[in-house]
Amino acid sequence: MTNLLTFRDNLKALFSRYDYILTPLAKFVMAMIVFFSLNKHLGNVPILNKGIFLFLVAAICAFIPVEFMAGIAACMLVWQTAKVSLDLGLLTLAFIIIFYSGYMRFNVKTGIIVLLVPIFYAWHITYALPIVLGFLIGPSAVIPAIFGILLYYYEESVNAFQNVLAAVTEEDAAVVGYQYILNELLNNKDMLLTFVVFAVVILITYAIYRMSFDNSWIVAFCVGGFLNIVLFLFGSLTMSTKVAIGPILLGSLLGIVIAVAVQFMKGIVDYQKADYLQFEDDEYYYYVKAIPKLSVSESNKNIKHINSKKQD
């Protein structure tokens, strides 16, 4: 454990020292993954499929807040869907405006959650996401996570609609487009099941994680992973949907591993040194449970060399 704590402290010191390099690099990589996953589904605008263009846009995103990265991705999505049909582009814009006006402008940092969803889908580790969001962010992650899932399935529907356009006249394309997309979304049981499971796992994981009993974080991750597996499997049976058991198991286990790794970097506590404090003011009594975090302090040792030679 001492070696792990030393490694963690050294790694955190390294990130702190080179933060001005590593943070832009991380945002650049995230932007590249988001933009490539977005264009992988649609790819109707030639310039957005060029690697050099995406590289330049991602390089710009490396030096701006993540919220602007979400805005750029939204503009790309509107542009891609408008290329399929102008009416679908307007529908996409309406979805984004509703989400921004109804939620994101009150909690701007949630935009990164919407970006995480397509990344996890692109890497086929979607089932790991609710466990991670549950302890890192909590209830405020439910709505942006649901919106991110909605956007993913919306992209899938728009992509499938492109095959329908060949059999539809230009005058009927708008009406058919609206009907096709809405029917695909409303009748998509996989998407609805994902909505429910994500919301439940996020809330339960957060609730247990915030409890004060010993090792509550380990219990939260394990319960979140267990619920993730059980709810998806139970939901697939009751709603007659097809889900692959392998990705659910692997994704849930990966979510637990990621959560443990992030928690370890944040800090783990030494329950054996827990201290209980009590104090009061004019109106209340306060009972506080204080638990120190495990850490390793490197001691500086000064070694004195003693010359044992005898003096003549």
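Basis of the calculations
- Residues numbered from 1 in each chain as written.
- Predicted model: local features only at pLDDT ≥ 70, side-chain atom pairs only at ≥ 80, totals over all residues.
- Heavy atoms only, no water.
- Axes fitted to C-alpha atoms, helices over the stretch in contact; angles between N-to-C directions.
- Helix = DSSP H or I, 4+ residues; strand = E, 2+ residues; numbered from the N terminus.
- Parallel < 35°, antiparallel > 145°, perpendicular 65-115°, else oblique.
- Left-handed = near helix turned anticlockwise from the far one by under 90°.
- Contact = heavy atoms within 4.5 Å.
- Nonpolar A, V, L, I, M, F, W, Y, C, P; charged D, E, K, R; others polar.
- Patch = residues over 30% accessible without salt bridge, like charges linked within 9 Å, V, L, I, M, F, W, Y side chains within 5 Å.
- Areas by Shrake-Rupley, 256 points an atom, 1.4 Å probe, with all protein chains shown as cover.
- Salt bridge = Lys/Arg side-chain N within 4 Å of Asp/Glu carboxyl O.
- Lys, Arg positive; Asp, Glu negative; His and termini not counted.
- Charge placed at Lys NZ, Arg CZ, Asp CG, Glu CD.
- Buried < 20%, exposed > 50% of the residue type's maximum accessible area, 1.4 Å probe, protein only.
- Pairing = 2+ DSSP bridges.
- Expected span 1.5 Å × (residues − 1).
- Phe/Tyr/Trp six-rings, centres within 6.5 Å; stacked < 30°, edge-to-face > 60°.

Novice: Help me understand the packing of helix α3 (residues 51–61) against helix α4 (residues 66–84), please; the structure alone is not making it clear to me.
Specialist: Helix-helix packing: each pair is described by the crossing angle between the helix axes and the interaxial distance. Following both chains from N to C, one finds α3 and α4 inclined at 150°, their axes separated by 10 Å at the closest point. Taken as axis vectors, α3 and α4 run roughly antiparallel relative to one another. In this structure, α3 crosses over α4, and the sense of that crossing is right-handed. In this structure, α3 contributes F53, L54, V57 and C61 to the contact, and α4 contributes M69, I72 and M76. Classifying every residue of the contact of α3 with α4 by side-chain character gives seven nonpolar, no polar and no charged.

Novice: What is the right way to read a positive patch on the surface from this model?
Specialist: Together, K12, R210, K266 and K293 give the surface a local cluster of positive charge. Structurally, K12 can be placed in helix α1 (residues 2–17).

Novice: Would you mind showing me how to read the pairing of strand β1 (residues 275–280) here?
Specialist: As a general feature of sheets, a regular strand has side chains that alternate between the two faces. Counted residue by residue, β1 has zero buried out of six residues, so it is predominantly exposed. Where β1 meets strand β2 (residues 285–290), six bridges bridge the pair, whose relative direction is antiparallel. Note that in β2 the partner of F279 across the bridge is Y286. Where β1 folds back onto β2 in an antiparallel hairpin, the turn is made up of four residues.

Novice: Is there a simple way to think about the side chain of N228 in this case?
Specialist: Secondary-structure assignment places N228 in helix α11 (residues 216–238). When residues no more than four places from it in sequence are discounted, the contact partners of N228 are Y127, P130, V197, V201, I248 and S252.

Novice: What's the story with the packing of helix α7 (residues 129–136) against helix α10 (residues 189–209) in this structure? I'm lost.
Specialist: Running from N to C, α7 and α10 cross one another at 40°; their axes reach a closest spacing of 7 Å. Viewed along their axes, α7 and α10 adopt a mutual orientation that is oblique. Seen from above, α7 lies across α10 with right-handed handedness. Residues L129, P130, I131, L133, G134 and F135 of α7 form the contact with α10, whose participating residues are F198, V201, I202, T205, Y206 and Y209. Of the residues belonging to the contact of α7 with α10, the class tally is 10 nonpolar, two polar and no charged.

Novice: Sorry if this is basic, but what is going on with α11 here?
Specialist: Because each turn of an α-helix spans 3.6 residues, side chains separated by three or four positions in sequence point in the same direction. In a regular helix each residue adds 1.5 Å, so 23 residues correspond to 33 Å; α11 covers 31 Å between its end C-alpha atoms and thus fits that length. Along α11, the residues that are buried comprise S216, W217, A220, F221, G224, G225, N228, I229, F232, G235 and S236. Those residues of α11 that are buried lie in contact with α7, α10 and α12 (245–266). S240, located one to two residues past α11, shows a positive phi value of around 55°.

Novice: It is not clear to me how a negative patch on the surface should be interpreted in this structure. Could you clarify?
Specialist: Together, E280, D281, D282 and E283 make up a negatively charged patch on the protein surface. Relative to the assigned elements, E280 resides in strand β1.

Novice: Sorry if this is basic, but what is going on with the packing of aromatic side chains here?
Specialist: The relative placement of two aromatic rings is captured by the distance of their centres and the angle of their planes. Counted according to the given criterion, the structure contains 11 aromatic pairs. Centroid distance F279 to Y286: 5.2 Å. Interplanar angle 20°. Geometry classified as stacked. Classification of Y286 as partly exposed rests on a relative accessible area of 30%. Through a chain of ring-to-ring contacts, three or more aromatic side chains come together here, namely F135, Y209, W217 and F221.

Novice: Looking at this structure, I do not really get the side chain of T241. What am I missing?
Specialist: Note that T241 resides in the loop between α11 and α12. Residue contacts for T241: discarding those within four places in its chain leaves K189, D190, L193, G235 and S236.

On their own, these measurements won't tell you what the molecule is for.
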